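# Summary of structural features
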Amino acid sequence: MEKPSSSSSSRRSNTKVKASSDANTSLSMLNEDLLQNILERLPALPFAFAACVSKSWNSLCNRILSRPKLSSALSLNPSLPDAVKEVVHKVLSEPIRPCFAIANIGTGFKSSKTLRLIRQSLGSNIPVIVTVANGIMGRDVLTDEFKEVKWGALFSGFGEEAYARLINEGIVLTVGYLPGLKVEAVPLRRPPKAYQAPWIDNFIKDIKEYSASVSSSPFPIGIILFGEESTDMKLVLEKLDYAMPMDTVIVGDERGSFDFVHKSGNDSRLVCSKKGNIEAVALVFAQDRDRSLGTIRFHVALSNGVSAVGPRYKAASVKSNNTDCSTWLTARREGQLELLDGQSILLDINNLLDNHMEAPDLYIGVIKHRKLSTGAEKPMPRTCIAYHGVVGGDEEYLYVDGIGIKTGDFFQFYYSDPNTALASLTKVHDTLKDIKLERNSKSFKGGGDNGTNVFGGLIFACYGRGESFFGRHNVDSSAFLENFPGVSVSGIFCGGEMVRPCTTLIGQCQGASPISCCLHVYSTVYLAMSYTPPSAED
């Protein structure tokens, strides 16, 4: 075959250079507003490539992503790889640079495999937490319909594990981009045979040290906390409530199951399994000392779902069973001397509730006066209320879940009440409405508005709530959806709803001071994330 002459090769080379030059000239001649309009319509990956084209394009891409963003999606596809592919495609369908990811799945999916698939799509440079939940909330990738999916509620009578696995398949994925904040997953590690308090102190120390390493403050602005299903998180929350300032927001799920990836001390990435000595994991949000692009705030609201019933009691004898994390106790009515066993106490309470169509779930709310400290600090007095599920009673004891009750503690009974929950949801709706916000996160594109805007949210609802509790669907999510239409929100049904700051007057005497309460039952916790742009003077 005859080789091309050097002159013809030179002509082709000159033609390519000219074509490339013409293309660059055409791109440079694009009106900046038109170019921005094109770039902000790109999915996340092409958008990332576009930011590398030139300095001017990079500057424009940074302008588009100058404000925070939350993106979430739900899939009920029974195939885990396909479900992950669907939600990842949806959350990355617009420009975003994820700095964290939370995936909530049903028991039909394996958390470790879910974590691996998500990391393959989002990369290994961000903290990712995968939790197994009793149900999920989010906008369906196929129908764009917002769904509250509570697994097992309608099929509990079948009792077949294989069938239960088939209906417990689904995922909701949430990714966030929060310029001005640093985000990391901090594990709560329990050394073998270690006493509880020291490793909780170490957990708090780890959170403070991370915050201090990236911020000008040792205290984060927010923590999303996930506990292991076998862990009693009451003391963890009591100590966090004591150690953190009131403007540090804490929300989460007390009892789940999780896998996660986080940054180790040597700045590499480690996958930490749910097996072993990990009792909980905290997603910590701290101010970035090197970057300030406005103010991101976490707002919380609580829908209470229990009502007080009967007199107050005083614990007389208390036995803790650490094997199954339960407490056996006897008690006296406040101001009386007669010693009551569990059977007598429950008979009185059930007589007061005999007008209910269905037997509600029962709890005792224990008022704890304790002295708390972290590390070598001097213990300080602290009062809080802790809920314990009532297991039953006999001629000897009243049996409740959890430990930490002491002789002399006062307690009162509470029962699950949909009427109380509905009334509380009205207050939540008004609380969220009071936050002065833009209608939806898409308004961020235009800029120029110095008002506060909500850009996303998370919901943690008790598994006992939902359609079976209220008699209609999407009741728990309605307060957020009605106030912030178009804003990305996701959630889970869980077993123990954590929120801070939060106080309660439920069951208290007239004029009594509110009592700190961070771990709730039959409640729904709302986290709304808002952004206020910097003022012209900043």
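What you are looking at is a predicted structure, and each value in this text was computed from that prediction instead of being measured.

Reading the values: the criteria
- Per chain, residue numbering runs from 1 following the sequence as it is written.
- With the structure being a predicted model, the display of local features is reserved for residues of pLDDT at least 70 and the display and counting of side-chain atom pairs for 80 or more, all residues being used for whole-chain, interface and lining totals.
- Excluding hydrogens and water, the side-chain values take into account all heavy atoms of the structure.
- We count a salt bridge whenever a side-chain nitrogen from Lys or Arg sits within 4 Å of a carboxyl oxygen from Asp or Glu.
- Helix and strand labels come from DSSP, where a helix needs a run of H or I of at least four residues and a strand needs a run of E of at least two; each type is numbered from the N terminus.
- Accessible area is worked out with a 1.4 Å probe on protein chains only. A residue is then buried under 20% of its type maximum, exposed over 50%, and partly exposed in between.
- Lines are fitted to the C-alpha atoms to define the axes, a helix being fitted only along its stretch in contact, and any angle between axes, read from their N-to-C directions, falls within 0 to 180 degrees.
- In what follows, roughly perpendicular refers to angles from 65 to 115 degrees, roughly parallel to angles under 35, roughly antiparallel to angles over 145, and oblique to any angle outside these ranges.
- Two helices crossing with the near one rotated counterclockwise from the far one by less than a right angle form a left-handed crossing, whereas a clockwise rotation gives a right-handed crossing.
- By the convention used here, residues are in contact when the closest approach between their heavy atoms is within 4.5 Å.
- Put simply, Ala, Val, Leu, Ile, Met, Phe, Trp, Tyr, Cys and Pro go in the nonpolar bin, Asp, Glu, Lys and Arg in the charged bin, and everything else, Gly too, in the polar bin.
- Among the buried residues, those of types Ala, Val, Leu, Ile, Met, Phe, Trp, Tyr and Cys that are joined through side-chain atoms within 4.5 Å form a nonpolar core.
- Each pair of aromatic rings taken from Phe, Tyr and Trp, with Trp reduced to its six-membered ring, is defined by centres within 6.5 Å and is described as stacked if the planes are under 30 degrees apart, edge-to-face if over 60, and tilted in the remaining cases.
- Confidence per residue, as judged by the predictor, is encoded in pLDDT with a range of 0 to 100.
- Any two strands with at least two DSSP bridges between them are considered paired.
- The rule is simple: put a 1 Å grid over the protein atoms alone, call a set of points where a 1.4 Å probe fits but cannot get out a cavity, call an open set with protein on both sides within 12 Å along at least five of seven lines a pocket, and count a residue as lining if it has an atom within 4 Å of a point.
- Grid points are joined across faces, edges and corners, and a volume is the space filled by probe spheres set on the points.

In this section: the pattern of salt bridges. In total, this model carries 13 salt bridges according to the counting rule given. When the shortest N-O distance is used, the salt bridge between Lys 239 and Asp 201 registers 2.8 Å. Of this pair, Lys 239 sits in helix α9 (residues 234-243) while Asp 201 is found in helix α8 (residues 196-214), placing the two residues 38 residues apart along the sequence. Just as Lys 239 is buried, Asp 201 falls in that class too. Across the pair Glu 209 and Lys 205 runs a salt bridge, and its minimum N-O distance is 4.0 Å. Note that Glu 209 and Lys 205 are positioned in helix α8 at a spacing of 4 residues, about one turn of the helix. Judged by its relative accessible area of 44%, Glu 209 falls in the partly exposed class.

Helix packing for two helices is described by the angle between their axes and how far apart those axes are. Contact geometry of helix α11 (residues 418-434) with helix α13 (residues 475-483) gives a least axis separation of 9 Å together with a crossing angle of 20°. Judged by the inter-axis angle, α11 sits roughly parallel to α13. By crossing handedness, the relation of α11 to α13 is classed as right-handed. Along its contact with α11, which presents Leu 422, Leu 425, Val 428, His 429, Leu 432 and Lys 433, the element α13 presents Val 475, Asp 476, Ala 479, Phe 480, Glu 482 and Asn 483. Along the lines of polarity and charge, the residues of the contact of α11 with α13 split into 7 nonpolar, 2 polar and 3 charged.

Next up on the list: the nonpolar core. Core analysis: the largest hydrophobic core is formed by 39 residues, its most contacted members being Phe 100, Leu 178, Ile 224, Leu 283, Phe 285 and Phe 460. Residues contacting Ile 224, with those up to four places away along its chain left out, are Ile 102, Val 251, Val 281, Ala 282, Leu 283, Phe 285, Leu 458, Phe 460 and Leu 527. By size, the runner-up hydrophobic cluster in this structure holds 37 residues, among which are Leu 35, Ile 96, Ile 126 and Leu 173.

Before going further, it helps to spend a moment on the packing of aromatic side chains. Centre distance and the angle of the planes are the two values used to describe a pair of aromatic rings. Here the structure, examined in full by the defined rule, presents 15 aromatic pairs. Judged by centre distance (5.8 Å) and plane angle (80°), the ring pair of Tyr 313 and Phe 413 falls under edge-to-face. Placement of the pair is Tyr 313 in strand β14 (residues 306-321) and Phe 413 in strand β19 (residues 410-416), with a sequence separation of 100 residues. In terms of burial, Tyr 313 and Phe 413 fall into one category: buried. Measuring from ring centre to ring centre gives 5.0 Å for Phe 469 and Phe 470, while their planes differ by 70°; the resulting arrangement is edge-to-face. Among the aromatic residues, ring-to-ring pairing joins Tyr 363, Phe 469, Phe 470 and Tyr 522 into one connected group.

Bringing the confidence of the model for the protein into the picture now. Averaged over every residue, the pLDDT of the protein is 84; the share at 70 or more is 81%. Every residue in residues 153-166 scores below 50 in pLDDT, and together they form 5 contacts with partners more than four places removed in sequence or on other chains. Here residues 264-271 is a poorly scored stretch, pLDDT under 50, and it has 19 contacts once near neighbours within four places are set aside; other chains count.

Spatially, 6 strands are ordered β5-β4-β21-β20-β26-β13 in an open sheet, and the strand pairing comes out mixed. Taken across any chain shown, the strands that pair with only one partner, and hence form the sheet edges, are β5 (146-150) and β13 (295-303). Averaged over neighbouring strand pairs, the angle between their axes works out to 15° when direction is ignored. Its contacts with the sheet place α11 against β13 and β26 (524-532), and it is angled at close to 160° to β13. The sheet strands contacting α13 are β4 (135-139), β5, β20 (453-462), β21 (489-494) and β26, and the helix crosses β20 at an angle near 170°.

Here we take up empty space enclosed by the protein. Applying the stated criterion across every chain yields a total of 2 cavities of 30 Å³ or more. A volume near 60 Å³ is recorded for the largest cavity. What lines the largest cavity is Ile 102, Asn 104, Thr 174, Phe 226, Leu 458, Ile 459, Phe 460, Ser 490, Gly 491 and Ile 492. Of all the secondary structure elements, the ones that give two or more residues to the lining of the largest cavity are β2 (100-105), β20 and β21. Within the lining of the largest cavity, the residues separate by chemical class into 6 nonpolar, 4 polar and no charged.

The subject of this paragraph is the environment of Ile 171. Following the sequence through the fold, Ile 171 ends up in strand β6 (residues 171-177). Note: C-alpha distance between Ile 171 and Ala 73 (98 residues apart in sequence) is 8.3 Å.

In this structure, Pro 501 follows Arg 500 across a cis peptide bond, with omega equal to 5°. The phi dihedral of Cys 325 is positive, around 55°, even though this residue is not glycine. One can find Cys 325 in the loop between β14 and β15 (326-333). Classification of Cys 325 by relative accessible area gives partly exposed; the value is 21%. For Tyr 522, which is not glycine, the phi torsion reads 50° and is therefore positive. Given a relative accessible area of 8%, Tyr 522 falls into the buried group.

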